[in-house]
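# Overview (structure and organization)
Here's the letter readout for the chains.
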Amino acid sequence: MSAHLSVNAMTEKETTISSIGDTTLCSGGSVLLRAGASPGALYQWYKNDTIQSGLTADSLRVAVSGFYKVRVQNSANGCAAFTRAISVLVHPLPSVRVDTIGSHMICAGDSVLLVAQANFGVSFQWERDGVPVAGQVGTSFYALDSGLYRVRVMSIVTGCFQYSDPIRVMVNPVPSAQ
C-alpha cells in the first residue's frame, strides 16, 4: 500500500523588503518599508523578531530603530516564508539650550551675550530672523540688533540637527541729549 503525499510550495519568488528613503535617519523622520506585493498574499510585520500586532499591510512606515521583517503567506495554499530583516537606525537629535548673559532688551550700542549649551561633537550656526549670521559658528554670540535669534546645532557624526528655542532681542533707541 502506498501513501499519497501532497506538497504545497510557495510558487512566488522570494519576497524582499525595499525602503523608500534612507534606513539611517534622524529622530522625527521616518522611512517607508515595502514588501514586494504578491497577489493574494497575507503579511505580518515583525520588529526585532517580535510580532507587531495589527501590522498586516504590504508596507510599513517606520520611525523607530530595529530590525524589521515580514512573514508573507500564500493565501491560496497556506505556505509562508519570512523576508530577510532590514535594519533601520534612528539617531537622536542633539540637545541645545541658549542662555543669555544680560537683558533681552538693550539700548542701541549695547549687546547681549547668547551662550549655547549643547552635546559634545556638534557644530554651531547662529541665525537672526531665520537667516544664518555669517561667520557666527561658535558656542557664543553677541547680539547687537533687534531680532529673533536661535542656534542650529548639528552632530558632526550623524548629521542630525536641532534648533534652540528662539530668543527675542529688542534694541531700544538712545534718546538724544539736547
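Quick caveat: nothing in here was measured; it's all calculated off a predicted structure.

This brings us to the overall build of the protein chain. The secondary structure content of the protein chain amounts to 0 helices and 18 strands. Judged by the C-alpha coordinates and their principal axes, the protein chain covers about 120 × 25 × 25 Å. Here the protein chain, with 178 residues, has 29% of them falling under the buried criterion. Restricting to contacts in the protein chain with at least 6 residues of sequence separation, those with at least 24 account for 52%. Distance from the positive charge centre (12 side chains) to the negative charge centre (11 side chains) of the protein chain: 8 Å.

Looking now at the state of the cysteines. Here the structure, examined in full by the defined rule, presents 1 disulfide. A disulfide bridge connects Cys26 with Cys160, and the sulfur atoms are separated by 2.0 Å. Its S-S torsion of approximately -95° makes the covalent link between Cys26 and Cys160 left-handed. In this pair, Cys26 sits in strand S2 (residues 24–26) while Cys160 sits in the loop between strand S16 (147–155) and strand S17 (161–163), placing the two residues 134 residues apart along the sequence.

It is worth spelling out the packing of aromatic side chains at this point. Scanning all chains against the criterion turns up 4 aromatic pairs. Ring geometry for Phe141 versus Tyr149: centroids 5.6 Å apart, planes at 45°, classification tilted. Judged by its relative accessible area of 2%, Tyr149 falls in the buried class. Ring centres 5.9 Å apart and planes at 85° place the aromatic pair Phe161 and Tyr163 in the edge-to-face group. Counting every residue linked through ring pairs, the aromatic cluster contains Trp126, Phe141 and Tyr149. Arg150 extends its terminal NZ or CZ atom over the ring of Tyr163, reaching a point 3.7 Å from the ring centre.

Our next topic: the confidence of the model for the protein chain. Model confidence for the protein chain is summarised by a mean pLDDT of 91, while 92% of its residues fall at 70 or above. Predicted confidence is poor over residues 1–12, with pLDDT under 50, and the contacts of this stretch with residues over four places away or in other chains come to 13 contacts.

On to the sheet that holds strand S15 (residues 140–143), then. Reading across the sheet, the 3 strands line up as S10-S12-S15 and stay open at both edges, with antiparallel pairing between neighbours. Either end of the sheet is taken by a strand with one partner, and the two such strands are strand S10 (96–101) and S15. Across the sheet, the mean angle from the axis of one strand to that of its neighbour is 25°, orientation sign disregarded. Note: S10 against strand S12 (residues 112–118), 6 bridges, orientation antiparallel.

Turning our attention to the environment of Ala118. By the element assignment, Ala118 lies in strand S12. Here the alpha-carbon distance between Ala118 and Asp58, two residues 60 residues apart in the chain, equals 41 Å. Not counting chain neighbours up to four residues away, the residues in contact with Ala118 comprise Ser95, Val96, Phe124 and Val153.

This part covers the nonpolar core. If you look at the biggest cluster of nonpolar residues, it comprises 17 residues, and the most contacted ones within it are Leu114, Trp126, Phe141, Ala143 and Val151. Secondary structure elements with two or more residues in this core: S10, S12, strand S13 (122–128), S15, S16 and strand S18 (167–172). Apart from residues lying up to four places away in sequence, Leu114 is in contact with Val98, Asp99, Thr100, Trp126, Thr139, Ser140, Phe141, Ala143, Tyr149 and Ile167. Val31, Trp45, Val62 and Val72 belong to the second-largest nonpolar core, a separate cluster that totals 16 residues.

What the 3 strands build is an open sheet, ordered S1-S3-S6; its pairing is antiparallel. With partners counted over all chains shown, the strands left at the sheet margins are strand S1 (17–20) and strand S6 (59–62), one partner each. Across the sheet, the mean angle from the axis of one strand to that of its neighbour is 25°, orientation sign disregarded. Bridge count for S1 against strand S3 (residues 31–35) is 4 bridges, and the pairing is antiparallel. Bridging from a neighbouring strand, Ile17 pairs with Ala35 of S3.

Scoring rules and cut-offs
- Residues numbered from 1 in each chain as written.
- Predicted model: local features only at pLDDT ≥ 70, side-chain atom pairs only at ≥ 80, totals over all residues.
- Heavy atoms only, no water.
- Helix = DSSP H or I, 4+ residues; strand = E, 2+ residues; numbered from the N terminus.
- Buried < 20%, exposed > 50% of the residue type's maximum accessible area, 1.4 Å probe, protein only.
- Contact = heavy atoms within 4.5 Å.
- Lys, Arg positive; Asp, Glu negative; His and termini not counted.
- Charge placed at Lys NZ, Arg CZ, Asp CG, Glu CD.
- Disulfide = S-S within 2.5 Å.
- Phe/Tyr/Trp six-rings, centres within 6.5 Å; stacked < 30°, edge-to-face > 60°.
- Lys NZ or Arg CZ within 6 Å of the ring centre and 35° of its normal.
- pLDDT = per-residue confidence, 0-100.
- Pairing = 2+ DSSP bridges.
- Axes fitted to C-alpha atoms, helices over the stretch in contact; angles between N-to-C directions.
- Core = buried A, V, L, I, M, F, W, Y, C linked by side-chain atoms within 4.5 Å.

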